[in-house]
Amino acid sequence: MAAALGALAPAWGQGPGAPPAPGAPPVVQADAPGRWIRGESEHFIVYSDRSEALVRRYVTMLEDFDAILRRLHGKTDAETPRKLPLYLLSSSRELRRVIPNADERLQGLYMTSVEDIFVLAIRDDSNQYDRNNGDDTVLHEYTHHFMMQYFPDAYPGWMVEGLAEYYKTIDLQMKRARIGDFSRGRARSLLDDKWLPMSDILSKRATQFDRDDALTFYAQSWLLTHYIWSDRERRKKLQDYLELVRDHQDPMASWTKLYGQDSAALEKALRGYMKSLPVLDIPREPPKPQIAFTRLPAGADDLILEIQRLKSGVARAEAPALLAKFQEIAAKRPSEFYSRLALARAEIDLGDRAKGEAILKTLLDERPSDLEALQVMAYSRLETARRMARTPADRDKAKAVYADAATYLGRAHKIDDDNYLTLYGYAETKSMDREPSQNTLNVVFRAATIAPQNPAIRTNAARLFIRAKQYALARELLEPVAGNPHGGPQARRAAQLLSTLEGKADGEALKPSTAAAASGEGDKDAPGG
C-alpha cells in the first residue's frame, strides 16, 4: 500500500494544473479574522462562533467519550485516519442555514457526502436534568461513526440504533464513567406505550415504522442491547446470532435457536430486566487533550454553514437564491481568499462553472499550495470529464480533462498524502481505463478505509473491485452500506450489487448484463455514470 501511494505523485505528472514556475510568489494579505473559532484535537475539529472556553469543554467531552469507546472496544491505539469535523451551533436558526427545512426539535445531525463527513450540533446547557447537556444526539451519532470506522459490517437495525442509544447516556464524571443509564424519553416509551412484537424489533428498521412506533422501536432496541451487553454469556452468543442473520436466516427463529426465547418470552425477559438495570462503572482519569485554536476569516461569519449546505447538495429550486447570497456576501470582501473560494464553490455547483474555475485559478496563483482550492478545482474538472464521457464522440476530450484533474490532485497529494478526497478523486481519473490497475484499487480502498462512513465512496470502490473480478473485497465494501438502517436509495443500490455477486468466486466472469449493472452504467452516482 505504501509503495502504491508513494507512486501517485510521479504518476500524475505535470500538465495544465501544474503549479507556476519557481519565482517570487505573489504577496498575499492574510484574511482579517472573524467570530468563528476552530478547535482541533487528536480526533476532532470543532467549529463555533461562541467562546473558546465552550469549544474547549466540548472538545474535551468528545475526546473523553472517544477514549471510553476505544477502551471498551480494544481500539486504544487504533489509527485515526481522519478527524471528525463538528459544527457547534447555538440555535435552530443556524441549523437551518445548512438544512433549510430542519424540524424545530432537531438537536443535531450527522451528514455524509462525497466532499465531507461532519456533525451539526445545537449546544443546549439549559436542561439541568440532562447529564450530557443536550449532547445525546451527538454522542448517539458519534457511536455510529466510531463503529463504522473500526467495525464496519452489516448489523441488524436494532443493534445499530440500540448500541448508539446505550452509549449516548454516558455520565462522564471526574473519577469514573457510568454507562447504561436510561434516557427519560426512551423510558417513557417503554412504560407508557404498547410494545412492538420482538419479532418486528429483530427483523425491521426504524424507517419501516410510523413516527410513534419508531420511538418505541428505539426504546426496545436500547433495552435489548442493554440486556445483551450486560451479560457475558448473552454477548458471547451474539456473534453466532449475527452470522445466522447475515446468512439470511429468519431473525426471530435464529434468536430462539440460540437464546431459547420466542417473541413473547423475550419480551417478558426484557420487561423483568428493566426493573433493575445494571450500570457499568469505569474508574479512570479523564483526558486532558491538546487543543490548537485558530480564528477563521471574517467571511466564515456569513458563509461557513452555507458552504456545508453546498457540500450536502442543494435542490434545484433553491439554487438561484443561494447562489445570489454567495455572490452578495463575497462582494462585501472582494479581496478575501476565504469568500472568493466560497464563491468559486457556489458558481461551480449552482451557477457558471467556467466562472468558478476562473476564480480558482486566480486563487491558486496567489496560494499554489492551498489544499481546498486544489481539491475544488480537481472535482470540478472531474465533473466536466464525467459528463463528457457519457457521449461517445467526446470520450477523447474526457480523457484530457481527467488528466487535467489528475494534475491538481497530484499537487494536493504532495500537501496531504493521506486525504480521502484526493485519493478517491485519483481513482475517478482512471474510470475510463478498461481494467483498474492494482495501484488504482489500492488507492480507492485506502480512500474507503479513511472514510468508511461514506456510502458513495464504498459503493464506487466496490464497483472497481467488481470490474477487477475481486468479489470478496467488493462484498466487504458493500455489506455495511446495504445494512445501514438509514441508507435509503444507497442501501438499496448496494443490496442490488451484492445480489449480482451471489455465488461468485474471485476471478469468475459475470454475465455481460450483470457486469454492466455492477459497473454503474446508467447510475448517475457512479464515476463516469
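Everything numeric here is computed off the predicted structure, so don't read it as measured data.

Thoughts on the overall build of the protein
For step 1, the next point in the chain: Helix and strand counts for the protein stand at 24 helices and nine strands.
For step 2, the next point in the chain: Across the 529 residues in the protein, those meeting the buried criterion constitute 53%.
For step 3, the next point in the chain: Here the contacts in the protein between residues at least 6 apart in sequence split such that 69% fall between residues at least 24 apart.
For step 4, the next point in the chain: Surface summary for the protein: the accessible area is close to 24100 Å², and the carbon and sulfur share equals 51%.

Points about the sheet that holds strand β7 (residues 176-179)
For step 1, the next point in the chain: Here three strands make up an open sheet; going across it, the order is β6-β7-β8 and the pairing antiparallel. Strands at the two margins of the open sheet, each flanked by one partner only, are β6 (171-172) and β8 (280-283).
For step 2, the next point in the chain: Taken strand by strand, helix α3 (residues 52-72) contacts β6, β7 and β8, and its axis lies near 105° from that of β8.

Observations regarding helix α21 (residues 455-467)
For step 1, the next point in the chain: Between its terminal C-alpha atoms α21 stretches 19 Å, which fits the 18 Å expected from 13 residues at 1.5 Å a residue.
For step 2, the next point in the chain: By the criterion of burial, α21 is predominantly enclosed, with 12 of the 13 residues buried.
For step 3, the next point in the chain: Within α21 the residues assigned to the buried category are Pro-455, Ala-456, Ile-457, Arg-458, Thr-459, Asn-460, Ala-461, Ala-462, Arg-463, Leu-464, Phe-465 and Ile-466.
For step 4, the next point in the chain: Two or three places before Ala-456, at the opening of α21, Asn-454 has a side-chain oxygen 3.2 Å from that residue's backbone nitrogen.
For step 5, the next point in the chain: Looking one or two residues beyond α21, the residue adopting positive phi is Lys-469, at roughly 65°.

Concerning the packing of α21 against helix α23 (residues 488-500)
For step 1, the next point in the chain: Between α21 and α23, whose axes approach to 10 Å, the crossing angle comes to 15°. By the angle class used here, α21 and α23 are roughly parallel. α21 and α23 meet at a crossing whose hand is left-handed. Contacts between α21 and α23 involve Pro-455, Ala-456, Thr-459, Arg-463 and Ile-466 from the first element and Gln-490, Arg-493, Ala-494 and Leu-497 from the second.
For step 2, the next point in the chain: Its residues assigned to classes, the contact of α21 with α23 shows five nonpolar, two polar and two charged.

Here's the deal with the sheet that holds strand β1 (residues 33-40)
For step 1, the next point in the chain: Spatial ordering of the open sheet is given by β4-β5-β3-β2-β1-β9, a layout of six strands whose pairing is mixed. Single-partner strands in this sheet number two, and they are β4 (108-112) and β9 (292-297). Going across the sheet, the axis of each strand differs from the next one's by a mean of 20°, ignoring polarity.
For step 2, the next point in the chain: Set on the sheet, helix α13 (residues 299-312) makes contact with β1, β2 (44-48), β3 (84-89), β4, β5 (117-122) and β9; between it and β1 the angle comes to about 55°.

Thoughts on the packing of aromatic side chains
For step 1, the next point in the chain: What the rule picks out here adds up to 13 aromatic pairs.
For step 2, the next point in the chain: Consider the rings of Tyr-227 and Tyr-273, whose centres lie 5.4 Å apart with planes at 80°: the pair is edge-to-face. Highlighted residues: Tyr-227 in helix α9 (residues 211-229) and Tyr-273 in helix α12 (residues 263-273), separated in sequence by 46 residues.
For step 3, the next point in the chain: Put simply, the rings of Phe-44, Phe-65, Tyr-142, Phe-146 and Tyr-150 touch in pairs and so form one group of aromatic residues.
For step 4, the next point in the chain: Directly above the ring of Trp-195 sits Arg-271, whose terminal nitrogen or CZ lies 4.1 Å from the centroid.
For step 5, the next point in the chain: The cationic tip of Arg-367 hangs over the ring face of Phe-337; the distance from NZ or CZ to the ring centre is 4.1 Å.

Focus on the pairing of β2
For step 1, the next point in the chain: For β2, a buried count of five out of five residues is recorded, marking the element as mostly surrounded by other parts of the structure.
For step 2, the next point in the chain: Burial along β2 is two-sided: the residues Phe-44, Val-46 and Ser-48 and Ile-45 and Tyr-47 are all buried.
For step 3, the next point in the chain: With antiparallel pairing between neighbouring strands as the criterion, β1 and β2 make up a hairpin whose turn holds three residues.
For step 4, the next point in the chain: Pairing between β2 and β3: five bridges, direction parallel. The partner of Tyr-47 across the bridge, within β3, is Tyr-87.

Describing the side chain of Asp-49
For step 1, the next point in the chain: Within the element layout of this structure, Asp-49 appears in the loop between β2 and α3.
For step 2, the next point in the chain: Despite its burial, Asp-49 remains without a salt bridge, the nearest opposite charge being carried by Arg-35 at 4.1 Å.

Calculation criteria
Residues numbered from 1 in each chain as written. Predicted model: local features only at pLDDT ≥ 70, side-chain atom pairs only at ≥ 80, totals over all residues. Heavy atoms only, no water. Helix = DSSP H or I, 4+ residues; strand = E, 2+ residues; numbered from the N terminus. Buried < 20%, exposed > 50% of the residue type's maximum accessible area, 1.4 Å probe, protein only. Contact = heavy atoms within 4.5 Å. Areas by Shrake-Rupley, 256 points an atom, 1.4 Å probe, with all protein chains shown as cover. Pairing = 2+ DSSP bridges. Axes fitted to C-alpha atoms, helices over the stretch in contact; angles between N-to-C directions. Expected span 1.5 Å × (residues − 1). Polar contact = N/O pair within 3.5 Å; in protein donor to acceptor, adjacent residues only side chain to side chain. Parallel < 35°, antiparallel > 145°, perpendicular 65-115°, else oblique. Left-handed = near helix turned anticlockwise from the far one by under 90°. Nonpolar A, V, L, I, M, F, W, Y, C, P; charged D, E, K, R; others polar. Phe/Tyr/Trp six-rings, centres within 6.5 Å; stacked < 30°, edge-to-face > 60°. Lys NZ or Arg CZ within 6 Å of the ring centre and 35° of its normal. Lys, Arg positive; Asp, Glu negative; His and termini not counted. Salt bridge = Lys/Arg side-chain N within 4 Å of Asp/Glu carboxyl O.

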